Amino acid sequence: MRPIRPGDRGPAVAEIRTVLTGLDLLPTGDQRDEFDAETERAVRAFQQSRGLSVDGRVGAETWRALDAARWRLGARTLYHAVPEPLIGEDVRSLQERLLEMGYDVGRADAAYGIRTARAVAQFQREMGLRPDGACGPHTMNALRRLGRKVVGGRPQWLRESDAIRQAGPTLVGRTVVIDPGHGGTDPGEVVPDGPLRWTEADIVHDLASRLEGRLAAAGVRVQLTRGPSPETCLPDADRAQLANSLGADVFISLHTDGHANPAANGVATYHYGTDNGVTSATGERLAGLVQREIVARTGLRDCRTHAKAWDLLRLTKMPAVRVEVGYLTSPEDRGRLVDPRFRDRIVEAIVAAVQRMYFPIERDVPTGSIDVSALRAVVVAGQGGGLSRTAAD
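Residues numbered from 1 in each chain as written. Predicted model: local features only at pLDDT ≥ 70, side-chain atom pairs only at ≥ 80, totals over all residues. Heavy atoms only, no water.

### Structural notes on the sheet that holds strand β6 (residues 267–272)
Right, so step 1: Taking strand neighbours across the sheet as the criterion, the six strands line up as β4-β1-β5-β8-β6-β7 in an open arrangement whose pairing is mixed. Single-partner strands in this sheet number two, and they are β4 (221–224) and β7 (302–308). Adjacent strand axes in the sheet meet at a mean angle of 20°, parallel and antiparallel pairs treated alike.
Right, so step 2: Note that strand β1 (residues 175–180) and strand β5 (residues 250–257) share five bridges and pair parallel. The residue bridging Asp-179 from the neighbouring strand is Ser-253, located in β5. (Pairing = 2+ DSSP bridges. Helix = DSSP H or I, 4+ residues; strand = E, 2+ residues; numbered from the N terminus. Axes fitted to C-alpha atoms, helices over the stretch in contact; angles between N-to-C directions.)

Now the structure itself:
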């Protein structure tokens, strides 16, 4: 859809204003259908609160978030629908409530999937209700009567941390999906540079290919979400679904940034999270490791890590990060990014971060200390000739 932006008018704008009014971001009683400055401020406030890109326009992702925000927990019966799950803020509220009570719903992604239905059914059995996995009036009444079960830490953090610990420190046999941003008819940032023309899509695909080779050498199964020149550009939701269907252990999306001010520069890394503290614990840890390794190994300005609820991060079921590896619009960053040796350093940083994520926290190593060239898959005698560990283990 074409983004709805300031100056637009019509029924779509009126509907956006209705949702924003219901969220107390616009005053009641105003039925205008104009996207004025007041509406833009309200849209920006909504985007900020939902962890979306704050641009004051209503594109496809913001529209879906507005549509989901209509629902409040208890306003409708929730159930596992196939193939399209129910989506809404009521689902997210239910998931967060169940997480507080110690039930495993996975990520609070606002989608009523099979894992949420199973958690609801478990709660219903314990409360003596019919365990149908649907959240109707009786289940809501039981939820309202109970308080938190889990104290002294985030239950999802404990689950995810334990899963990483149980997996062991080796990279061999892991599945990593690498997502070179944009592609096809969407080149991303495009910057003319004398007789040359640099595009984000080409640079991040080259980075992804180099990262694929380094990870494969360490025994990792690697899948890219696109080739160098795909006919179409996959939506973020489809890229997340591809990673889920492959049962990926890690998802890494690569982008460059851009800004009207050429002085803007640096690297930033994003993980799933919302303004109320819900986050992917392992995604947050991986983002921190990636950010620190890249800054230490490349000297790019540290623009830190940030929680976002973009579809790409929200819908993936594994630790997922999006890395903005410099500003293509910055002469300083661009001069580095077009150097293949510099791109190799970025790749080394990401590989080191993925390896460190699988180290127990008490056995972590200093940033910049892993020799990525030493991470090679080796064959261990008695293993039937199969790859079983890395040389760095």
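### Regarding unusual backbone geometry
Right, so step 1: Cis peptide bonds are those with omega within 30 degrees of zero, and the linkage from Val-82 to Pro-83 qualifies with 5°.
Right, so step 2: Turning to its location among the elements, Pro-83 is positioned in the loop between α3 (60–68) and α4 (89–100).
Right, so step 3: At Ala-110, a position not held by glycine, the phi torsion is positive, near 70°.
Right, so step 4: In this structure, Ala-110 sits in the loop between α4 and α5 (114–126).
Right, so step 5: Positive phi, normally seen in glycine, also occurs at His-182, with a value near 65°.
Right, so step 6: The topology assignment puts His-182 in the loop between β1 and β2 (190–193).
Right, so step 7: The class of His-182 is buried, set by a relative accessible area of 18%. (Buried < 20%, exposed > 50% of the residue type's maximum accessible area, 1.4 Å probe, protein only.)

### Concerning the domain arrangement of the protein chain
Right, so step 1: Each assigned domain of the protein chain is listed here: domain 1 (8–70), domain 2 (78–152) and domain 3 (160–371).
Right, so step 2: Using only C-alpha atoms to locate each centre, domain 1 and domain 2 end up separated by 28 Å. (Domains from an automatic or database assignment.)

### Thoughts on the pattern of salt bridges
Right, so step 1: Under the defined criterion, the tally for this structure stands at 30 salt bridges.
Right, so step 2: Glu-38 serves as the salt-bridge partner of Arg-32, at 3.2 Å between the closest nitrogen and oxygen.
Right, so step 3: Of the residues examined, Arg-32 reaches a relative accessible area of 34% and is grouped as partly exposed.
Right, so step 4: Judged by its relative accessible area of 25%, Glu-38 falls in the partly exposed class. (Salt bridge = Lys/Arg side-chain N within 4 Å of Asp/Glu carboxyl O.)

### Remarks on the packing of aromatic side chains
Right, so step 1: Tallied over the full model, the rule gives two aromatic pairs.
Right, so step 2: Between the aromatic rings of Tyr-103 and Phe-123, the centroid separation amounts to 5.9 Å while the plane-to-plane angle is 90°, which identifies the pairing as edge-to-face. Here Tyr-103 is found in the loop between α4 and α5, whereas its partner Phe-123 is found in helix α5, with 20 residues between them in sequence.
Right, so step 3: For Phe-123, a relative accessible area of 0% gives the class buried.
Right, so step 4: Centre to centre, the rings of Tyr-270 and Trp-310 are 4.9 Å apart; their planes meet at 50°, and the pair counts as tilted. Of this pair, Tyr-270 sits in strand β6 while Trp-310 sits in the loop between β7 and α11 (311–314), placing them 40 residues apart in sequence. Accessibility assignment for this pair places Tyr-270 and Trp-310 in one class, buried.
Right, so step 5: In this structure, Arg-76 is placed above the aromatic ring of Trp-71, and the distance from its NZ or CZ to the ring centre is 4.1 Å. (Phe/Tyr/Trp six-rings, centres within 6.5 Å; stacked < 30°, edge-to-face > 60°. Lys NZ or Arg CZ within 6 Å of the ring centre and 35° of its normal.)

### A closer look at the nonpolar core
Right, so step 1: In this structure, Ile-178, Leu-211, Ile-252, Leu-254, Ile-294, Val-323 and Ile-350 are the most contacted members of the largest nonpolar core, which totals 45 residues.
Right, so step 2: Those elements that provide at least two residues to this core are β1, α8 (200–217), β4, β5, α10 (281–298), β8 (320–327) and α13 (340–358).
Right, so step 3: It is α13 that provides the largest number of residues to this core, a total of eleven residues.
Right, so step 4: Setting aside anything within four residues of it in sequence, one finds Ile-350 in contact with Leu-211, Ile-252, Leu-254, Val-290 and Ile-294.
Right, so step 5: Judged by nonpolar contacts, the second largest core, of 33 residues, contains Leu-86, Val-91, Ala-243 and Tyr-270. (Core = buried A, V, L, I, M, F, W, Y, C linked by side-chain atoms within 4.5 Å. Contact = heavy atoms within 4.5 Å.)

### Details of the packing of α4 against α5
Right, so step 1: Contact pair α4 / α5: the axes reach a minimum separation of 11 Å and the direction vectors enclose 55°. One element, α4, and the other, α5, form an angle in the oblique class. Along this stretch, α4 crosses α5, giving a crossing that reads as left-handed. On α5, the residues that touch Leu-94, Gln-95 and Leu-98 of α4 are Thr-116, Ala-119, Val-120 and Phe-123.
Right, so step 2: Residue classes in the contact of α4 with α5 are distributed as five nonpolar, two polar and no charged. (Parallel < 35°, antiparallel > 145°, perpendicular 65-115°, else oblique. Left-handed = near helix turned anticlockwise from the far one by under 90°. Nonpolar A, V, L, I, M, F, W, Y, C, P; charged D, E, K, R; others polar.)

### Here we look at the packing of α8 against α13
Right, so step 1: Relative to each other, α8 and α13 sit at 55°, their axes nearing to 9 Å. The orientation of α8 with respect to α13, classified from their angle, is oblique. For the pair α8 and α13, the sense of crossing is right-handed. Here Ile-203, Asp-206, Leu-207, Arg-210, Leu-211, Arg-214 and Leu-215 of α8 lie close against α13, whose contacting residues are Pro-340, Arg-343, Asp-344, Ile-346, Val-347, Glu-348, Ile-350 and Val-351.
Right, so step 2: Of the residues belonging to the contact of α8 with α13, the class tally is nine nonpolar, no polar and six charged.

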